[in-house]
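# Breakdown of the fold
This is what each chain is made of:
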Amino acid sequence: MRTILVTGAAGYVGGALTRRLLDQPETSVIGVDFCAMDHGAEGVREIIGRPGFTFVREDIRNTDAIEPLLERADAVVHLAAIVGDPACRRDPDETVSINIDATGRLIDASKRHGIEHFVFVSTCSNYGVSDTSTLVTEDGDLNPVSLYAESKVAVEKRLLENGDLPATVCRFATVYGVAPRMRFDLTVNQFTIEALRDGVLEIYGEQFWRPYVHVEDAARGVQLVLAKPDVAVGRVYNVGDSEENYTKGMMYELLKERLPDLEAKWVSIDEDPRSYKVSFQRIADELGYETTWDVPRGMDQIIEYARLGAFPEPKAPRFRN
Ligand SMILES: NC(=O)c1ccc[n+]([C@@H]2O[C@H](COP(=O)([O-])OP(=O)(O)OC[C@H]3O[C@@H](n4cnc5c(N)ncnc54)[C@H](O)[C@@H]3O)[C@@H](O)[C@H]2O)c1
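Per chain, residue numbering runs from 1 following the sequence as it is written. Reporting of local features is limited, given that this is a predicted model, to residues whose pLDDT is at least 70; pairs of side-chain atoms are given and counted only at 80 or more, and all residues count toward the totals for whole chains, interfaces and linings. Remark: hydrogens and water are excluded; side-chain values derive from all non-hydrogen atoms of the structure.

## Points about the overall build of the protein chain
Secondary structure assignment for the protein chain yields 11 helices and 12 strands. What you see for the protein chain is a C-alpha radius of gyration of 19 Å, in line with the 20 Å of a compact globule of 321 residues. Each of the three principal axes of the protein chain carries a C-alpha extent, and together these read 55 × 40 × 40 Å. Considering only residue pairs separated by 6 or more positions, the protein chain has 83% of its internal contacts joining residues 24 or more positions apart. As displayed, the protein chain has an accessible area near 13,400 Å², and 47% of this comes from carbon and sulfur atoms. Of note, the protein chain has its 36 positive side-chain charges centred 3 Å away from the centre of its 52 negative side-chain charges. Secondary structure elements follow DSSP: runs of H or I no shorter than four residues count as helices, runs of E no shorter than two count as strands, and numbering proceeds from the N terminus. Each radius of gyration is computed over the set of C-alpha atoms, and the globule rule expresses the reference value as 2.2 Å times the number of residues to the power 0.38. By definition, residues are in contact when any of their heavy atoms lie within 4.5 Å. Working definition of accessibility: Shrake-Rupley area with a 1.4 Å probe, residue cover restricted to the visible protein chains. All tallies of charge rest on Lys and Arg as positive and Asp and Glu as negative; His and the ends of each chain are not included. Charge placement uses NZ in Lys and CZ in Arg. For Asp and Glu, CG and CD serve respectively.

See the structure below:
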């Protein structure tokens, strides 16, 4: 039996990943989350009590409470963080204390407890503004343009430069798709629900490129990394698919195909200058990773769920960070 400690288990990615890990043979999961945000324990609600699953409501800043859990774990997937630029901007001190300081203590404690594999979930936002005539690889320059990305880059450096904890960095593309804890503050999810409900999209920065990955595929990427430590330890992987880079303008066109009455209000403000097209060749070549979703099908999934009444109030605070 291999025991994996997942921090941030009650979140958007955490809920999907924890379920997938529990479906694996010979795997148990200790999920940790402080459940202090509007979504509470949403990501783990239906799996509390499932064989092999232990849920611990705890703040990762409380090292004394986390250490005994590391004693029982073989591997760690570290998701817990203040996630996204707006949330980090709102509370910079808390962001630093969780995303950098507490994460550093978790890394140190993981070393002390002989964790065999530490998977740190980072972001393609680290690339910031890059030349979009080529696809940026894991070796490309990092240009974090927000506190959120800066906090991720700081942890990546600490993990990889130290080298004495067997670790992998997974830089996720922007995630979309339906999960137990839903987020409607992520571009594909937000555009799709607004297109459906409001019939009009306010779009700024329509020319900027970003990569996208379905939440199930993001979780599958982490599973694969955990399954192949001999290859993955010491490596950085972009998690996504090179064909899945889109501009917001392209997303509008895709939604218009599905919802022909859709209108767009194009807003020309330069508020969010992140533009990057990303290569996901390394994870494909080294781990044999392939995504199973694409953005158009992800839009169809959200539309279908919404039409079934699954999201009666998508603007509620629990759906955004
Ligand atoms: N969603 C995306 O598009 C995306 C893209 C790239 C990377 N990531 C990374 O994936 C990870 C998960 O993101 P998500 O979208 O699931 O966000 P999320 O906000 O839904 O999940 C994060 C979870 O961490 C928990 N948490 C935060 N601080 C904590 C603390 N101090 N102690 C215990 N729990 C704490 C929150 O309660 C939340 O449930 C994050 O590290 C994020 O940076 C996400």
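Read on for the rest.
## Details of the sheet that holds strand β1 (residues 2-7)
At least two DSSP bridges between two strands are needed for those strands to be called paired. A sheet is described by the order of its strands in space; here seven strands give the open sequence β3-β2-β1-β4-β5-β6-β10, paired in parallel fashion. Looking along the sheet, the strands with just one partner apiece sit at the ends: β3 (53-57) and β10 (236-239). The sheet shows a mean angle of 20° between the axes of neighbouring strands, taken without regard to direction. Pairing analysis gives four bridges linking strand β4 (residues 75-78) to strand β5 (residues 117-123), with the strands arranged parallel. Across the sheet, H78 pairs through a bridge with F120, a residue of β5. In this analysis, axes come from line fits to C-alpha atoms, helices being fitted only over the stretch in contact, and the angle between any two N-to-C directions falls in the range 0 to 180 degrees. Together, β5, β6 (167-172) and β10 form the strand contacts of helix α5 (residues 147-162), whose direction differs from that of β5 by roughly 150°.

## Some points on the domain arrangement of the protein chain
These domain limits were set by an automatic method or by a database of domain assignments. Partitioning the protein chain into structural domains gives domain 1 (2-175 + 214-239) and domain 2 (177-211 + 243-273 + 294-309). Computed over C-alpha atoms, the centres of domain 1 and domain 2 are 26 Å apart. Facing 19 residues of domain 1, the contacting portion of domain 2 comprises 14 residues. Buried area adds together the accessible area that both of two parts lose upon being put together, with accessible area traced by a 1.4 Å probe. For domain 1, the biggest contributors to the area lost against domain 2 are Y12, T174 and H214; these three give 39% of the whole. Salt bridges are defined as contacts in which a side-chain nitrogen from Lys or Arg sits within 4 Å of a carboxyl oxygen from Asp or Glu. At the boundary of domain 1 and domain 2, one finds zero salt bridges.

## Overview of the packing of aromatic side chains
The relative placement of two aromatic rings is captured by the distance of their centres and the angle of their planes. Any two of the Phe, Tyr and Trp rings considered here, Trp counted by its six-membered ring, make a pair once their centres fall within 6.5 Å; the pair's planes then place it as stacked at under 30 degrees, edge-to-face at over 60, or tilted in between. The full count for this structure, using the stated rule, is six aromatic pairs. The interplanar angle of 35° and the centroid separation of 6.3 Å between the aromatic rings of F53 and F55 together place this pair among those described as tilted. Centre to centre, the rings of F184 and F319 are 5.3 Å apart; their planes meet at 70°, and the pair counts as edge-to-face. In this pair, F184 is assigned in the loop between β7 (174-176) and α6 (187-198) and F319 in the segment after α11 (295-307), connecting sequence segments 135 residues apart. Each member of the pair F184 and F319 is classed as buried. Through a chain of ring-to-ring contacts, the aromatic side chains of F184, Y305, F311 and F319 assemble into a single cluster. Two conditions define a charge sitting above a ring: the NZ of Lys or the CZ of Arg must be within 6 Å of the ring centre, and it must be within 35 degrees of the ring normal. Over the aromatic face of Y204 sits the side chain of K248, whose NZ or CZ is 3.9 Å from the ring centroid. Note that R297 overlies the ring of W293, its terminal NZ or CZ placed 3.9 Å from the centroid. Relative accessibility thresholds used throughout: buried, under 20% of the residue-type maximum; exposed, over 50%; partly exposed, between the two (1.4 Å probe, protein chains only).

## Here we look at the site of the ligand
The ligand sits among 30 residues. The nearest are V13, D33, L79, Y148 and R183. Measuring from an oxygen atom of the ligand, one finds a side-chain N or O atom of R183 at 2.7 Å. Expressed as a share of its isolated accessible area of 820 Å², the protein-covered part of the ligand is 99%. Elements supplying a minimum of two residues to the shell around the ligand: α1 (12-23), β5, α5 and β7. The leading source of residues in the shell around the ligand is β5, at three residues. Its residues assigned to classes, the shell around the ligand comprises 17 nonpolar, seven polar and six charged. Here the shell around the ligand spans two domains, since at least three of its residues come from each of domain 1 (2-175 + 214-239) and domain 2 (177-211 + 243-273 + 294-309). Note on definitions. A residue lies near a molecule or strand when any single heavy atom of the residue is within 4 Å of it. What qualifies as a polar contact is a pair of N or O atoms within 3.5 Å, subject to a donor-acceptor requirement within protein and to the restriction that residues adjacent in sequence count only when both atoms come from side chains. The residue classification treats Ala, Val, Leu, Ile, Met, Phe, Trp, Tyr, Cys and Pro as nonpolar and Asp, Glu, Lys and Arg as charged. All others, Gly included, are polar.

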